[in-house]
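Architecture at a glance
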Amino acid sequence: NGTAFAIAAPANPTAYQTMYLTISNQSGGALGAITWNAVYKFGTLVLPATGFQKTISFTYDGANWIENFQSSSNVPN
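Here goes a summary of the coordinates provided. (Residues numbered from 1 in each chain as written. Predicted model: local features only at pLDDT ≥ 70, side-chain atom pairs only at ≥ 80, totals over all residues. Heavy atoms only, no water.)

With that settled, the discussion passes to the nonpolar core. Note that soluble globular proteins tend to have their nonpolar side chains buried in a common cluster. In terms of nonpolar packing, the biggest core is built from 13 residues, with Leu 21, Trp 36, Tyr 40, Phe 58 and Trp 65 touching the most fellow members. Looking at this core, the elements that each hand over two or more residues are strand 2 (18-24), strand 3 (34-36) and strand 5 (52-60). Apart from the residues lying within four places of it in its own chain, the contact partners of Tyr 40 are Ile 7, Ala 8, Ala 9, Pro 10, Met 19, Leu 21, Phe 58 and Trp 65. (Core = buried A, V, L, I, M, F, W, Y, C linked by side-chain atoms within 4.5 Å. Buried < 20%, exposed > 50% of the residue type's maximum accessible area, 1.4 Å probe, protein only. Helix = DSSP H or I, 4+ residues; strand = E, 2+ residues; numbered from the N terminus. Contact = heavy atoms within 4.5 Å.)

Shown next, in the form of structure tokens:
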């Protein structure tokens, strides 16, 4: 929905672990604002429009989750 939400830090990660987060917008409108935990380090994020999704890949460096890449914002759900 269009409600704001938070993405917390994963519990007990290991160094060099890779994670993929997919944000899917099925709200029928604009996606709610995202508050990211400070351990996520990434470039500019364009949120997907309704009916679309985006995947972001991160690798844990022992302290932070560092972005590897982002998919297009226009990947259909």
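This is not the end of the story, as more comes after the structure.
Let us look at the environment of Ile 66. When you line up the elements, Ile 66 lands in strand 6 (residues 65-70). Counting along the chain gives 29 residues from Ile 66 to Asn 37, while the straight-line C-alpha distance between them is 12 Å. Residue contacts for Ile 66: discarding those within four places in its chain leaves Lys 41, Ser 57, Phe 58, Thr 59 and Asp 61.

Now for the side chain of Lys 54. Structurally, Lys 54 is set in strand 5. Polar contacts involving the side chain of Lys 54 include one to the main-chain carbonyl oxygen of Val 46, which spans 3.3 Å. Leave out the neighbours within four places in its chain, and Lys 54 touches Leu 21, Thr 22, Ile 23, Leu 45, Val 46, Pro 48, Gln 70, Ser 71, Ser 72 and Ser 73. (Polar contact = N/O pair within 3.5 Å; in protein donor to acceptor, adjacent residues only side chain to side chain.)

In this structure, Asn 12 takes a positive phi of about 55 degrees despite not being glycine. Relative to the assigned elements, Asn 12 resides in the loop between strand 1 (5-7) and strand 2. Among the residues examined, Asn 12 registers a relative accessible area of 72% and is labelled exposed. Residues other than glycine seldom take positive phi values, yet Tyr 16 does so here, at roughly 70 degrees.

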